[in-house]
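For reference, the chains in residue letters:
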Amino acid sequence: MGGMFCHCGSANKYRRLDAKLERKIIELKTSSSGHNKFKSINGIILRFPQFREGLKNIKDVFEQCDEDANGVIDHGELKRCLQKLQVNLEDKEVEDLFNSCDIDESKGIQFNEFIVLLCLIYLLAEPSSSPDSTSKMGSPQLEATFDTIVEAFLFLDKNGDGKLNKKDMIKAMNESSPWEKSPSHVTESRFKEMDWGRKGNVSFREFLFSFVDWVGIHADDEIPVTGS
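Attention in this report is confined to the structure presented alongside it. Nothing here was measured: the structure is a model prediction, and the numbers come from that model.

Across all of its chains, the model carries 12 salt bridges by this definition. Here K199 and E206 are joined by a salt bridge, their closest N and O atoms 2.9 Å apart. Of the residues examined, E206 reaches a relative accessible area of 4% and is grouped as buried. One connected set of salt bridges, linked through shared partners, spans R16, K92 and D96.

Set out below in structure tokens:
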């Protein structure tokens with residue numbers, strides 16, 4: 001695990017988006033009233049195959065948005081893609097999302113970055129006002145996958161402040177089997193993979209990049225054909 005992404009750039013450039021995500025996570029944590037489908041870190045790990053299959057469905061969306069088929073989505077392609085998805089975001093918000101997900105600063109969104117970007121958009125976007133629109137992303141299956149990823153983060157966010165710290169991680173990793181505590185170096189390693197700027201806390205955006213890495217989504221993965 002780890003090593004897939006270049007954690008480039010100053011943390012300051014992410015501050016506005018991360019603060020917005022933090023507020024949204026706190027709102028979700030409050031509204032959930034403590035109810036969560038996950039009871040242990042093992043429950044999250046066991047769902048990795050389902051996460052992997054659910055996230056692979058994004059490949060079709062990515063290919064539709066990548067109009068010139070060069071393997072990355074530029075600013076114009078992203079803007080047109082969001083219009084097709086009927087996602088309502090201001091230009092500045094789209095710009096913030098683009099810059100925050102283009103972590104290798106290649107001026108284009110690659111597939112793994114696109115997974116994170118879509119999940120962030122799903123979390124932040126308001127539902128369409130169109131009477132014909134029944135979902136924010138046009139794909140209930142994809143939305144269900146994103147909802148489950150958010151629940152995984154909410155499970156790890158033990159104090160409900162919208163971000164993860166090392167204490168949260170240790171508590172989550174030992175919650176199911178307190179008599180079989182995870183070695184401290186394992187917890188330390190997982191936390192360091194997420195805490196890019198060594199700030200001592202992890203935003204939902206940082207968690208997403210690491211989570212996609214852990215689940216094992218790669219741009220060249222083959223998508224199984226049903227019935228084959």
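Ranked by internal contacts, the top residues of the largest apolar core, which has 66 residues, are F114, F204 and F207. Not counting chain neighbours up to four residues away, the residues in contact with F114 comprise I58, V61, F62, C65, I73, C81 and I109.

This next bit is on the state of the cysteines. Scanning the model with the defined rule gives one disulfide in all. The residue that forms a disulfide with C65 is C81, at a sulfur-sulfur distance of 2.0 Å. Here C81 lies in helix α5 (residues 75-84) and C65 lies in helix α4 (residues 58-65), a separation of 16 residues in the sequence. The class of C65 is buried, set by a relative accessible area of 6%. On the accessibility criterion, C81 (3% relative accessible area) is buried. Among the cysteines around C101, which has no disulfide bond, C119 carries the closest sulfur, lying 9.7 Å off.

This next bit is on the packing of helix α1 (residues 15-32) against helix α6 (residues 91-101). Two elements in contact, α1 and α6, have axes whose closest approach is 9 Å; the angle formed by their N-to-C orientations is 105°. One way to sum up the angle between α1 and α6 is to call them roughly perpendicular. The segment α1 lies against α6, with R16, L17 and K20 engaging K92, E93, D96, L97 and S100. Broken down by class, the residue content of the contact of α1 with α6 amounts to two nonpolar, one polar and five charged.

Bringing the packing of helix α3 (residues 48-56) against helix α8 (residues 140-156) into the picture now. The contact between α3 and α8 brings their axes to 9 Å, and the two run at 135°. Taken together, the axis directions place α3 and α8 in an arrangement best described as oblique. The element α3 and its partner α8 pack so that their crossing is left-handed. From α3, F51, G54 and L55 reach across to α8, where they touch L142, T145, F146, T148 and I149. When grouped by side-chain class, the residues that make up the contact of α3 with α8 number five nonpolar, three polar and no charged.

Each value, and the rule that gives it
Residues numbered from 1 in each chain as written. Predicted model: local features only at pLDDT ≥ 70, side-chain atom pairs only at ≥ 80, totals over all residues. Heavy atoms only, no water. Salt bridge = Lys/Arg side-chain N within 4 Å of Asp/Glu carboxyl O. Buried < 20%, exposed > 50% of the residue type's maximum accessible area, 1.4 Å probe, protein only. Core = buried A, V, L, I, M, F, W, Y, C linked by side-chain atoms within 4.5 Å. Contact = heavy atoms within 4.5 Å. Disulfide = S-S within 2.5 Å. Helix = DSSP H or I, 4+ residues; strand = E, 2+ residues; numbered from the N terminus. Axes fitted to C-alpha atoms, helices over the stretch in contact; angles between N-to-C directions. Parallel < 35°, antiparallel > 145°, perpendicular 65-115°, else oblique. Nonpolar A, V, L, I, M, F, W, Y, C, P; charged D, E, K, R; others polar. Left-handed = near helix turned anticlockwise from the far one by under 90°.

Honestly, it's all geometry; don't read function into it.
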